[in-house]
Amino acid sequence: MARAPAEVQAGIPTLSDSVVVVYDDRGVPHVFARAPADAQRALGYVVARDRLFQLELQARATAGRLTEWAGPVALDADRGMRRLGLSRSADREYQALRATAPEAVASMEAFAEGVNAWIDRLTKARYPLEYHLLQVAPGRWRPEYSLYLLKRMSWTLSFSTHDRRFERIAALVGEEAARALIPRNSAIQEPIVPNGSGGPRFDPVDLPAPATPVAERPALSTGDPGFALGPDREFERAVGSNNWAVAPTRSASGATLLAGDPHLQLTLPAIWYEAHLNVPDMLDVYGATLLGVPAIVVGFNRDVAWSFTNNSADVIDYYRETVDIPEAPGATQLDGGWVAVERTVETYRDRLGNVIARDTILTSHRGPLFRDDRGWLSMRWLALESSGTVRAVGGLNTATTVDDWLRASEAYDVPSQNGLVADRTGRIAVRSLGQVPRRPSPYRFIWDGTTSSSDWTGTYPTDRLPFAIAPAQGFLASANQQPVDPGVDSTYWGRRWPTPWRAMRINEVLRQDSTVSVEDMRRLQTDPSSPRARHFASYLVVAARLAPDSVAGAAGEMLAAWDGRYTAEAEAPILFEMVMTEIRRRLWDELRDDGTLIYTPPEATTAWLMTQPQNPWWDDRATPNAETRDDILQAALAAGWGRTVEAHGPPGDEWQWSRVRRFSIDHLLRLPGFGVTGVFNNGGPSTLSPMGLRGSHGASWRMVVELGDTVRAWTTYPGGQSGNPASARYTDRLEDWSSGRLEPVHFPTNPADLEGLVGRTRLLLVPESDR
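Because the structure is predicted, anything quoted here is derived from the model rather than measured. (Residues numbered from 1 in each chain as written. Predicted model: local features only at pLDDT ≥ 70, side-chain atom pairs only at ≥ 80, totals over all residues. Heavy atoms only, no water.)

A.B. asks: I'd like to hear about the pairing of strand S13 (residues 304-310), residue by residue, with values.
C.D. replies: Each regular strand carries side chains that alternate between the two faces of the sheet. Burial analysis of S13 places seven of its seven residues in the buried class, which makes it a mostly covered element. Residue alternation in S13 divides its side chains into two sets, Val304, Trp306, Phe308 and Asn310 and Ala305, Ser307 and Thr309, and both sets are buried. In the sheet, strand S12 (residues 298-301) pairs with S13 via two bridges, with the strands oriented antiparallel. The residue of S13 that forms the bridge with glycine 299 is tryptophan 306. In textbook terms, the turn of a hairpin is the stretch between consecutive antiparallel strands, and for S12 and S13 this stretch comprises two residues. (Buried < 20%, exposed > 50% of the residue type's maximum accessible area, 1.4 Å probe, protein only. Helix = DSSP H or I, 4+ residues; strand = E, 2+ residues; numbered from the N terminus. Pairing = 2+ DSSP bridges.)

A.B. asks: Residue-level account of the nonpolar core, with values.
C.D. replies: Within the largest apolar cluster, 199 residues are counted, with the highest numbers of intra-cluster contacts made by Phe300, Met379, Trp381, Trp405, Phe576 and Leu765. It is helix H1 (residues 36-63) that contributes the most residues to this core, 14 residues altogether. Residues Trp244, Val246, Leu257 and Leu510 belong to the second largest nonpolar core, which totals 18 residues. (Core = buried A, V, L, I, M, F, W, Y, C linked by side-chain atoms within 4.5 Å.)

A.B. asks: Mind laying out the sheet that holds strand S14 (residues 316-321), listing which residues take part and the relevant values?
C.D. replies: Taken in spatial order, the four strands of this open sheet run S19-S20-S14-S23, and their pairing is mixed. Edge strands, defined here as strands with exactly one partner in the open sheet, are strand S19 (369-372) and strand S23 (446-448). Neighbour to neighbour, the strand axes of the sheet diverge by 40° on average, direction disregarded. Of the pairings in the sheet, the one linking S14 to strand S20 (residues 375-381) comprises six bridges and is antiparallel in character. In the strand pairing of S20, isoleucine 316 is matched with tryptophan 381. (Axes fitted to C-alpha atoms, helices over the stretch in contact; angles between N-to-C directions.)

A.B. asks: Could you give me a rundown of the side chain of serine 478, with the residues and numbers involved?
C.D. replies: Counting through the fold element by element, serine 478 comes out in strand S25 (residues 475-478). Looking at serine 478, the relative accessible area reads 0%, which means it is buried. Within the structure, serine 478 has its side chain in polar contact with the side chain of asparagine 243 (distance 2.6 Å). A distance of 2.9 Å separates the side chain of serine 478 from the side chain of threonine 309, its partner in a polar contact. (Polar contact = N/O pair within 3.5 Å; in protein donor to acceptor, adjacent residues only side chain to side chain.)

A.B. asks: Residues and numbers for the packing of aromatic side chains, please.
C.D. replies: This model, assessed by the stated rule, comprises 29 aromatic pairs. Judged by centre distance (6.1 Å) and plane angle (35°), the rings of phenylalanine 308 and tryptophan 405 are tilted. With a gap of 97 residues between them, phenylalanine 308 in strand S13 and tryptophan 405 in helix H12 (residues 402-409) connect regions that are remote in the sequence. What makes phenylalanine 308 buried here is its relative accessible area of 7%. Note on tryptophan 405: relative accessible area 0%, which makes it buried. An aromatic cluster is present here, built from Phe166, Tyr443, Phe445, Trp447 and Tyr492 joined pairwise through their rings. Above the face of the tyrosine 348 ring, arginine 79 is positioned so that its terminal group lies 5.9 Å from the ring centre. Between arginine 366 and the ring centre of tyrosine 319, over which it is positioned, the NZ or CZ distance is 4.4 Å. (Phe/Tyr/Trp six-rings, centres within 6.5 Å; stacked < 30°, edge-to-face > 60°. Lys NZ or Arg CZ within 6 Å of the ring centre and 35° of its normal.)

Here it is in structure tokens:
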């Protein structure tokens, strides 16, 4: 007989009844409560128990209060956040929700009560390690901090700057070319909403020849924290998220299947926390929560499973403002009159309370007001406006059908996401969630702020957002690609969409398989095959064979023998990525200014140019000759081979892909010894498991759910449940994540279902008066 787990008892003053929490053999808390509010209090308690420092760090970072821990070294980061105004908008939203959604406020208050109950138990000796290193004490958790974290996620997923780059790009290549380089539609169409084509479509691109650069060009950077423009990094950040669902007609088991793997920054502790909440007849939901959110964000219940990918909809605009006093604006001009500018004094303090700096933050009637080299810009961003997202997320947890889930999602506002959902009856659906502004026509990158005719005219209703349900093809997939074929719906949803290489691979596999298994779903999450590599390598091989007795020719032969798979032992991926870097440098030389590549067009545009060997964009402005595509490809092959040899020696053991593709997962404070480096994960750029920003971004959570008579699920993420670097639960999932394995989860209906598990522990939470 299994030994009963040791029980720890603790009190939460506001509990209405006792709550049983059983930690299973994977460190996942299963919360059994008799009221939803008590489940949320218990969730706050267990999240704080495992991740208190991470909770507070995220809230402080959003509020711009890191100097109170780290001093002047954090001043620019704090200034950036306060200028954006995320925490101020969250505070306003919290007050508005008191009237419009009191149940959402109650859930945040309950979560906060649980967090603070844990803090109240702590003695200084039991503070998490990071508090000792910083010589600070934990602060109280406020309910509105849950909104801070959602606002910060909006900043991660929807804050864009390419509109502001337009003027600089236009100065380099001309306005018409600049518009084409920040395209409204992808040159490769494999949309989220099925268009009936049965495969990707390659569309022609109207790309005018580059014009001669103008002598005087606008500066790249504003120098204002929060709004500064540096080298273009957005193309690197598009490392992706994936989800797909398979209807029972195409499932090996006859059950609905769903897979999801959102890709975000990889940190220790991880961005997600795995949990199960159970309230009889009211709530029974399992999955991953973002720390601070009083609900499961990505997961499943007994009837429904769901996941998200970032939608990349355009939810931000910039306006060129005319101000009354250029050095210290007090008002902006609008329709012949003046509108007052709000001025807020922000004070930054150090750990001892000493004032480090003070700023005056300016806010126009549209949003934050900041200066660049041409004057003043204001920004309107949906993330800074009232939102119902926290209310929507709670509703998703209790849905029992796809239709229930879709109704609950109607309250979702920001950040814009592709919500994929499946239920046990076999229904699958996908919708682009979140508000999208209605803009005047024609579209402008920088709008004239002196007239209200430049302003939004509202947002699109839910029934106008991209949507598909029960498709004839029997599956749905989203991977951040353009959501709807512009030939089907020409509505403006955004621009500069990630090239749909990952979506092409998902759909390619699912179209070929009418008996998809759970193992197929799991394996596909780290599938090493790359439609991108196959596409570009075919042109590289042709160009190389025009110069057979050259370095380029030798490079081409290696790529010709490659199957386009980024496996651990493969040599060719190293060479291929070096060559692609050289192509990017040579092809887009017109977009370099003072040695800096200020913008990188989508790879779909590069893919189209491969079909245009004489296009003037292939010409290198730095040479007297007019280069063609094959000239540039041969030069890139030779240079890529040389760089690979320089970095790794001649072809051999050092050319193994596993030696190059290494994730670095840092501690939140980048403390030496508390992160991990050299972590391999199958795949490569634009495969289903890409790696971004030198290994710091990737699949932050992986999940596969089978919605049969009994719901089964498998999950993992790169880290562990504990935020304590000394805990065995700090990195215990990392090996599974690295190898692409998923662990089966426990989804009990009551605490007794977990009896017999090795390593389980039990926590009894009681009202404070009962102790």
